[in-house]
Amino acid sequence: MSAITLATLQAHRRDNTRFSCLTAYDATLASLAADAGISVLLVGDSLGMVLQGHDSTLPVTLDDVVYHTRCVARAGVSSLIMADLPFMTNATTGETLNAAGQLMRAGAQLVKLEGEGWLADDIRELVRRGVPVCAHLGLRPQSVNALGGYRVQGREAAASQRLIDDALTLEAAGAALILLECVPAELGQRVRSAVSVPVIGIGAGPEVDGQILVMHDMLGATRHRPPRFVRDFLAEGGSLSGAFRAYHDAVVTGSFPGPEHSF
Ligand code: KIV
Ligand code: NA
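Residues take numbers from 1 onward in each chain, read along the sequence in its written order. Written order decides the labels, with chains lettered from A and ligands numbered from 1. Since the coordinates come from a predicted model, pLDDT governs what is reported: local features require at least 70, and pairs of side-chain atoms require 80 or more to be given and counted, while whole-chain, interface and lining totals use all residues. Calculation of side-chain values draws on the structure's entire complement of heavy atoms; hydrogens and water are dropped beforehand.

> Can you walk me through the environment of P184 in this structure?
Secondary structure counts use DSSP, requiring at least four H or I residues in a row for a helix and at least two E residues in a row for a strand, with both numbered from the N terminus. Secondary-structure assignment places P184 in the loop between β6 (177-181) and α9 (185-194). Per-residue accessibility, obtained with a 1.4 Å probe over protein chains only, is compared with the maximum for each type, and a residue is labelled buried under 20%, exposed over 50%, and partly exposed between these values. A relative accessible area of 13% places P184 in the buried class. Sequence separation between P184 and A204 is 20 residues, and the spatial gap between their C-alpha atoms is 5.9 Å. Contacts between residues were defined by any pair of non-hydrogen atoms, one from each residue, lying within 4.5 Å. When residues no more than four places from it in sequence are discounted, the contact partners of P184 are V152, Q153, G154, R155, A204 and F263.

Below is the structure:
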């Protein structure tokens, strides 16, 4: 399989075809997911919850994400590898650049930052230095304490308009991708038509270019009740490879997410 690049994702957007994304934290499962056709593997700071047992992503360190990025990169997959900047590793532009440098050296091909319109300056600096960026908007788990819980964002008219404005600001700053977490499906669709970069959703409805899930969630390997937007693909796929293929097929054919997974 030829290597997936940002150009591949842009082509999906242009052709109005869907692509699949999944978190990955280790070489073996990264390689099974890539073989199933998953376009983007995210070394997410969700590893704090699903691997480390924390109840939020806040305790995750840059070293943690660097370590797991190295593990995933060693699999030598054709999927695009994205890595998260953990909580407070982007407190200043200097720290942001340093953190992104470490992730890229570990094997990431782009980095993801949680925030709002204020991310623009840091995104500009990263892009200038050759680091592609995905801007994570909507529910931002690193801000769970400020948001008052893991809840749907952008329900009110003012908040949804602000989110669209933020997406446009960050696209103008050079963001290559927008990721939307837990927003009404209608807002997912509005953001997607406002910007011209590919939009990836998790709990953002079907009208976006890519879908992403936490790998453990879509394998039914959860300690808590999974969020509404999750479907157990291991139950239907019958094996790890089968689950990844079932997920990939459901995303590209548009059968996932359904209305029961959307807000
Ligand atoms: O860390 C993560 O897994 C993520 C996805 C939920 C988008 O950021
Ligand atoms: Na994350």
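> It is not clear to me how the sheet that holds strand β2 (residues 40-43) should be interpreted in this structure. Could you clarify?
The pairing criterion is simple: DSSP has to find at least two bridges between the two strands. Strand order in the closed barrel formed by 8 strands is β1-β2-β3-β4-β5-β6-β7-β8, with parallel pairing between adjacent strands. Pairwise comparison of adjacent strand axes, ignoring direction, gives a mean angle of 25° for this sheet. Relative to strand β8 (residues 210-213), strand β1 (residues 19-23) runs parallel, the two being bridged by 4 bridges. Bridge assignment links L22 to a residue of β8, and that residue is L213. Lines are fitted to the C-alpha atoms to define the axes, a helix being fitted only along its stretch in contact, and any angle between axes, read from their N-to-C directions, falls within 0 to 180 degrees. The strands that helix α12 (residues 240-253) touches are β1 and β8; relative to β1, the one it contacts most, it runs at about 140°.

> Help me understand the coordination of the sodium ion (ligand 2) in this model?
Around a metal, the ideal angle is 109.5 degrees if four donors adopt a tetrahedral arrangement and 90 or 180 degrees if six donors adopt an octahedral arrangement. In this description, a donor is an N, O or S atom within 2.8 Å of the metal centre, a cutoff extended to 3.2 Å for sodium, potassium and calcium. Water is not part of the atom list, which can make sites seem incomplete. For the sodium ion (ligand 2), the protein coordination sphere consists of D45 (OD) and D84 (OD), at 2.2 to 2.3 Å. Within this pair, whereas D45 is found in the loop between β2 and α3 (47-50), its partner D84 is found in strand β3 (residues 80-84), the two being separated by 39 residues in sequence. Here D45 and D84 have matching classes, each one buried.

> It is not clear to me how the site of ligand 1 should be interpreted in this structure. Could you clarify?
Inspection of the region around ligand 1 gives T23, L42, G44, D45, S46, D84, K112, H136, L179, I202 and V214 as its neighbouring residues. One of the side-chain N or O atoms of D84 is found 3.1 Å from an oxygen atom in ligand 1. Take K112: an N or O atom from its side chain is 2.8 Å from an oxygen atom of ligand 1. For the area figures, the Shrake-Rupley method with a 1.4 Å probe applies, and any residue is considered shielded solely by the protein chains shown. When isolated, ligand 1 has an accessible area of 260 Å², and the protein chains bury 95% of it. Three classes are used, and their members are as follows: Ala, Val, Leu, Ile, Met, Phe, Trp, Tyr, Cys and Pro are nonpolar, Asp, Glu, Lys and Arg are charged, and the others, Gly among them, are polar. Partitioned by chemical class, the residues of the shell around ligand 1 number 4 nonpolar, 4 polar and 3 charged. For this description, a residue counts as near a given molecule or strand if any of its non-hydrogen atoms is within 4 Å of it. We call two N or O atoms a polar contact when they sit within 3.5 Å, provided that within protein one can donate a hydrogen and the other can accept it, with sequence-adjacent residues counted only if both atoms are side-chain atoms.

> Help me out: how do you make sense of the packing of aromatic side chains in this one?
The geometry of an aromatic ring pair is captured by two quantities: the separation of the ring centres and the angle between the planes. What counts as a ring pair is set by centres within 6.5 Å for rings of Phe, Tyr and Trp (its six-membered ring), and what kind of pair is set by the plane angle: stacked under 30 degrees, edge-to-face over 60, tilted for all other angles. Here the structure, examined in full by the defined rule, presents 3 aromatic pairs. An angle of 70° between the planes, with centres 5.3 Å apart, marks the rings of F233 and Y247 as edge-to-face. Of this pair, F233 sits in helix α11 (residues 233-237) while Y247 is found in helix α12, placing the two residues 14 residues apart along the sequence. Residues F233 and Y247 agree in their burial class; the two are buried. Each ring, one from F233 and one from F256, has its centre 5.4 Å from the other, and the planes form 85°; the classification is edge-to-face. With F233 in helix α11 and F256 in the segment after α12, this pair connects stretches of sequence that are 23 residues apart. A relative accessible area of 3% places F256 in the buried class. Taken together, F233, Y247 and F256 form an aromatic cluster joined through their ring pairs.

Geometry only, nothing functional implied.
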